[in-house]
Amino acid sequence: MTMSAFRWSALGLVGVLMCSMTACTRWIDVKSPSPGPQESISLAFSSDERVPLVIDTFRLSQNGTPQHPASDAERRVLNALQETRLFSTLVPLGGASASVEGKAISARVTFDETIDPHSGPTAFKGIVIGASMFLLSPIIELDYDYTAQAHLELERWDGHVTHYEARSSGTAHYNLFGASPIVIDELKGQVIETCLTSLMNQLVQDTALYM
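Each value, and the rule that gives it
- Residues numbered from 1 in each chain as written.
- Predicted model: local features only at pLDDT ≥ 70, side-chain atom pairs only at ≥ 80, totals over all residues.
- Heavy atoms only, no water.
- Core = buried A, V, L, I, M, F, W, Y, C linked by side-chain atoms within 4.5 Å.
- Buried < 20%, exposed > 50% of the residue type's maximum accessible area, 1.4 Å probe, protein only.
- Helix = DSSP H or I, 4+ residues; strand = E, 2+ residues; numbered from the N terminus.
- Axes fitted to C-alpha atoms, helices over the stretch in contact; angles between N-to-C directions.
- Parallel < 35°, antiparallel > 145°, perpendicular 65-115°, else oblique.
- Left-handed = near helix turned anticlockwise from the far one by under 90°.
- Contact = heavy atoms within 4.5 Å.
- Nonpolar A, V, L, I, M, F, W, Y, C, P; charged D, E, K, R; others polar.
- pLDDT = per-residue confidence, 0-100.

Participant: Explain the nonpolar core residue by residue, including any values.
Facilitator: With 41 residues, the main nonpolar core has Leu-53, Leu-81, Phe-87, Phe-111, Leu-152, Leu-154 and Leu-203 as its most contacted residues. Elements that contribute at least two residues to this core include exactly strand 2 (51-62), helix 2 (71-84), strand 4 (87-91), strand 5 (105-116), strand 6 (142-155), strand 7 (161-174) and helix 4 (181-205). Element by element, the count of residues in this core is highest for helix 4, at 11 residues.

And the structure:
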């Protein structure tokens, strides 16, 4: 091995060791949908005061492109609705809504995801990191943006319609050796939770409409 090749190999090894010992980290920033903390609100009512809620439609889109409704997205929305304890029962999309008799609430849900992995800047930064034999990997930050926007339309048994909307966004920051699908899943989970908490808080404020 020539002296030059040995030198570059040594530099590459030093870079990897520096990254593993110091800055192979990842962190997430989630923006609150409105000023102040978003705290979950949960109320309990007697069973004879509550009525069923039936999911009539569930639309999911990603970067403006319609997607097949994902069971995980619908499950998250149903869980959030369940935690409000406003409704006697929840009928998911395609459920046995015909069996619901008397007063009921029809729900139409639209869930939009916006994903920006910063592909161009990430590719450029990757070239720079590679050219530096990974020495710059601890100090070059990579980003992944995710935004969730939920719209909920509820129609009461008498035809009265109410709309609710919430939006939340966040960014995952990571270094090259800290990149992992886990950090993306964590980002999406936190953003969706913040978005749905804000949406359910609005719903609870209108409790009298659904009793």
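Past the structure itself, the notes keep going.
Participant: Explain the packing of helix 2 against helix 4 to me, and be specific about the residues and the numbers.
Facilitator: Describing two packed helices takes the angle between their axes plus the distance from one axis to the other. Where helix 2 meets helix 4, the closest approach of the two axes is 10 Å, and the angle between their N-to-C directions is 40°. It follows that helix 2 is oblique to helix 4 by the angle criterion. Viewed along their axes, helix 2 and helix 4 form a crossing whose handedness is right-handed. Contacts between helix 2 and helix 4 involve Arg-76, Val-77, Ala-80, Leu-81 and Thr-84 on the former and, on the latter, Gly-189, Ile-192, Leu-196, Met-200, Leu-203 and Val-204. Looking at the contact of helix 2 with helix 4 residue by residue, the classes come out as 8 nonpolar, 2 polar and 1 charged.

Participant: Which residues make up the confidence of the model for the protein chain, and what values do they have?
Facilitator: Caution applies to low-pLDDT regions: their predicted coordinates should not be interpreted in detail. Across the protein chain, the average pLDDT comes to 74, with 62% of residues at or above 70. Overall, residues 3-24 carries pLDDT values under 50, and its contacts beyond four positions in sequence, including any with other chains, amount to 21 contacts. Below a pLDDT of 50 lies the segment residues 35-40, which in the model reaches 9 contacts outside its immediate sequence neighbourhood of four places, other chains included.

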